[in-house]
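Structural overview for review
Single-letter residue listing:
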Amino acid sequence: MDSPEKITEPLKLLSIVIPAKDEEGCIASTVEHLDLELNLRNVPHEIIVVDDASDDQTWEILTKLHEKTPGIIPIKNQGPNGFGRAIIKGLDSINGDAVVIMMADESDDPRDVVHYWNLLNEGWDCVFGSRFMKGGGVIDYPFLKLTFNRMANFFIKHLFRIKLNDTTNAFKAYRKTVIDGCRPLISPHFNLTVEIPLKAIVRGFSWTVIPITWKNRKSGVAKLKMKEMGSRYFFICMYLWLEKYFSRGDYRRKQL
Ligand SMILES: Nc1nc2c(ncn2[C@@H]2O[C@H](COP(=O)(O)OP(=O)(O)O)[C@@H](O)[C@H]2O)c(=O)[nH]1
Ligand SMILES: [Mg+2]
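Everything in this summary refers to the structure shown in the same document. (Residues numbered from 1 in each chain as written. Chains lettered and ligands numbered in written order. Predicted model: local features only at pLDDT ≥ 70, side-chain atom pairs only at ≥ 80, totals over all residues. Heavy atoms only, no water.)

**Some details on the site of ligand 1**
Counted only if it meets this: Residues are labelled near a given molecule or strand when at least one of their non-hydrogen atoms is within 4 Å of it. As used in this structure description, the phrase polar contact means that two N or O atoms lie within 3.5 Å; if the pair is within protein, one of them must be able to donate a hydrogen and the other to accept it, and residues adjacent in sequence are counted only when both atoms belong to side chains. Under the convention used here, a 1.4 Å probe and the Shrake-Rupley method define accessible areas, while residue burial counts only the protein chains that appear. Runs of H or I in DSSP of at least four residues are treated as helices and runs of E of at least two as strands, each being numbered from the N terminus. Amino acids outside the nonpolar list (Ala, Val, Leu, Ile, Met, Phe, Trp, Tyr, Cys, Pro) and the charged list (Asp, Glu, Lys, Arg) are all regarded as polar, and Gly is one of them.
Surrounding ligand 1, one finds 19 residues, the nearest of these being Glu-23, Asp-52, Ala-104, Lys-145 and Lys-223. In this structure, an oxygen atom belonging to ligand 1 sits 2.7 Å away from a side-chain N or O atom of Asp-105. Lys-145 places a side-chain nitrogen or oxygen 2.5 Å from an oxygen atom of ligand 1. The protein chains hide 91% of the 560 Å² of surface that ligand 1 would expose on its own. Of all the secondary structure elements, the ones that give two or more residues to the shell around ligand 1 are strand 1 (14–20) and helix 3 (83–92). Taken together, the residues of the shell around ligand 1 sort by class into 11 nonpolar, one polar and seven charged.

**A closer look at the packing of aromatic side chains**
To keep things clear, this is the line we draw: Each Phe, Tyr or Trp ring (for Trp, its six-membered ring) is paired with any other whose centre lies within 6.5 Å, and the angle between the two planes then decides the class: stacked below 30 degrees, edge-to-face above 60, tilted in between. Each ring is checked for a lysine NZ or an arginine CZ that lies within 6 Å of its centre and within 35 degrees of its normal; such an atom marks a charge sitting over the ring.
On inspection of all chains with the given rule, the structure shows nine aromatic pairs. Geometrically, the ring pair formed by Phe-128 and Tyr-174 is edge-to-face, given 6.1 Å between the ring centres and 65° between the ring planes. Of the two residues, Phe-128 sits in strand 5 (residues 126–130) while Tyr-174 sits in strand 7 (residues 172–175), which places them 46 residues apart along the sequence. What links up through ring pairs into an aromatic cluster is the set Phe-128, Tyr-174 and Trp-207. One residue, Arg-150, lies across the ring of Phe-132, its end atom 3.8 Å from the ring centre.

Given below as structure tokens:
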């Protein structure tokens, strides 16, 4: 689908879900910068940060931020742990009618969140960003990761015949109806980053793409391990490929 539904009702509240594990070096900056930008642009919002058994001061920092700014809501994923499980827990807790999934390490730009919000309000079900189209870009992307990233996205683009070249990036925006329409979400790990957009596309929700920027983290350590994740990404892609071509539309969104 390539045109937005004619939805005139403006959205009421944007929930931002941020998974965080051992991010004491950057979590305050990420969340405060985001909160400031959204306040300046008059975007009604809540920021839900899901701490996943951090061994450092992440949780303590978050509880202090909450005392100062109640719209910053820390929750704990008591376990089982995992990037995907933490995001699903966050998605289960949102009060908004739209959601942006964002990283804790200051890689994603709060200004892009505002662009996402504006496009959702134009009626799109999903707004995806691409770092690899005209107007988008990356700073300091590790070479090996970039190579795998481009290969994986090339594979996905052709397998699903879609004009999207950055499916694997988690930083995307959805109406809540899309998240509900994609349940049950089954990826416990980083493969959730492809499950949600591919499911939304396969199930017939409308989507558009805008250029975004990304910069490498300045503190903490990157946790995505290609060795552990490769087969899981493949699994979820094949699951959704089977759904696309063999489920006869059984799971598609109900038309309004
Ligand atoms: N809740 C939770 N968050 C995680 C986990 N692993 C990574 N993250 C968060 O997910 C985001 C992306 O992780 P990051 O380490 O930057 O991944 P990379 O840059 O893709 O290697 C960051 O906000 C991390 O704090 C996890 O196991 N649980
Ligand atoms: Mg990162």
